[in-house]
Every structure is written in structure tokens, then in C-alpha cells.
Amino acid sequence: MYPFHWVPADGRRHASLDKRPWGNAYPSGMLVSTLCSQEVVADATKEAWLWQTCGDCHSEAHRVAAAVREVPRMSV
Ligand SMILES: [Zn+2]
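Residues numbered from 1 in each chain as written. Predicted model: local features only at pLDDT ≥ 70, side-chain atom pairs only at ≥ 80, totals over all residues. Heavy atoms only, no water.

## Some remarks on the overall build of the protein chain
The line we're drawing: Only DSSP runs of H or I reaching four residues or more are called helices, and only runs of E reaching two or more are called strands; each is numbered from the N terminus. Each residue's exposure class comes from its accessible area (1.4 Å probe, protein chains only) as a fraction of the maximum for that residue type: buried when under 20%, exposed when over 50%, partly exposed otherwise. A contact between two residues is defined here by any heavy atoms of the two lying within 4.5 Å. Surface exposure here means Shrake-Rupley accessible area, sampled with a 1.4 Å probe, where a residue is shielded only by the protein chains that are shown.
A count of helices and strands for the protein chain gives one helix and five strands. Summarising its shape, the C-alpha atoms of the protein chain cover approximately 40 × 25 × 20 Å along the three principal directions. Within the protein chain, the proportion of its 76 residues that are buried is 29%. The contacts in the protein chain between residues at least 6 apart in sequence include a share of 43% that link residues at least 24 apart. Carbon and sulfur atoms make up 55% of the accessible area of the protein chain, which amounts to about 5,400 Å² in all.

## Some details on the coordination of the zinc ion
Heads up, the condition is: Each metal site is built from N, O and S donor atoms within 2.8 Å (3.2 Å for Na, K and Ca), and since water is not included, such sites may look incomplete. Only two sets of limits are used to name each site, 85 to 135 degrees for every angle of a tetrahedral four-donor site, and over 155 degrees for opposite donors with all other angles from 65 to 115 for a square planar four-donor or octahedral six-donor site, with any other site named irregular.
Around the zinc ion, the protein supplies His 14 (ND1), Cys 36 (SG), Cys 54 (SG) and Cys 57 (SG) as donor atoms, at distances of 2.0 to 2.3 Å. Because the angles between the four donor atoms bound to the zinc ion fall within 103 to 116°, the donor set is best described as tetrahedral. When the donor residues of the zinc ion are listed from N- to C-terminus, their spacing reads H-x21-C-x17-C-x2-C. Taken together, the positions of His 14 in strand β2 (residues 12–16) and Cys 57 in helix α1 (residues 55–70) put the pair 43 residues apart, joining distant regions of the chain. The same class applies to His 14 as to Cys 57, namely buried.

## As for the nonpolar core
We apply this condition: Residues enter a nonpolar core if they are buried and are Ala, Val, Leu, Ile, Met, Phe, Trp, Tyr or Cys, with the set joined through side-chain atoms within 4.5 Å.
Formed by Phe 4, Ala 15, Leu 35, Cys 36, Cys 54, Cys 57, Ala 61, Val 64 and Ala 65, the largest nonpolar core amounts to nine residues. If you tally residues by element for this core, the top one is α1, at four residues. When sequence neighbours within four positions are dropped, the list of residues in contact with Cys 36 reads His 14, Cys 54, Asp 56 and Cys 57. Ranked by size, the runner-up nonpolar core spans six residues in total, among them Ala 9, Val 32, Val 40 and Ala 42.

## Some points on the pattern of salt bridges
Let me state the cut-off plainly: We count a salt bridge whenever a side-chain nitrogen from Lys or Arg sits within 4 Å of a carboxyl oxygen from Asp or Glu.
Summed over all chains, the structure comprises one salt bridge. The salt bridge involving Glu 60 is made with Arg 63; its shortest N-O contact spans 2.6 Å. Linking Glu 60 with Arg 63, this pair stays in helix α1, spanning three residues, or about one helical turn. Take Glu 60: its relative accessible area is 24%, and that puts it in the partly exposed class.

## Considering the pairing of β2
Applied cut-off: For two strands to be treated as a pair, DSSP must find at least two bridges joining them.
Note: strand β1 (residues 5–9) against β2, five bridges, orientation antiparallel. Following the sheet pairing, Val 7 is matched in β2 by His 14. Joining the antiparallel neighbours β1 and β2 is a turn of two residues, in which Asp 10 adopts a positive phi near 60°. The pairing of β2 with strand β5 (residues 52–53) spans two bridges and is classified as parallel. The residue bridging Arg 13 from the neighbouring strand is Thr 53, located in β5.

## Observations concerning the sheet that holds β5
Spatially, β1-β2-β5 is the arrangement adopted by the three strands of the open sheet, whose pairing is mixed. The open sheet is flanked by β1 and β5, the only strands paired with a single partner.

Below, the structure written as C-alpha cells:
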């Protein structure tokens, strides 16, 4: 499980490390800090998920995911 989540906002799908208040998505109207260092207002409509991925968030998400994979596994 990666620490970031995707959030449609401002015409793009961004990624964020912010905690989601509930469920699997940021609710519409929530202010979210993105991996591309923006403050955006989440748009949780179905159409919003069809928006293009933000390029900066995409590359930053890959960097975060790689870092997570490098962390030694904890014993369960
Ligand atoms: Zn972004």
C-alpha cells in the first residue's frame, strides 16, 4: 500500500499524501496538498476521474513508490 492517493482536481488527476477523512476518495470541496506542491480542491465526480494525470504528480508518485519499496520489510 503506497502512502499517496490520487485526487481529481482543477482538470487533472493529482496525487497527494494527505489523509482521506473517510472512504476511498477525497470528498468534493476538500482542500488537498498535491505531490506537485499545489493546494487544490478535490472533485469527486465520476467524470473527474477521466481527466489526464498531472505529469509532476505522476513522476513524484513513482519516486515515492520506489522509496516505499526500498524500505526493508517489517516482520508481520
Ligand atoms: Zn499534480
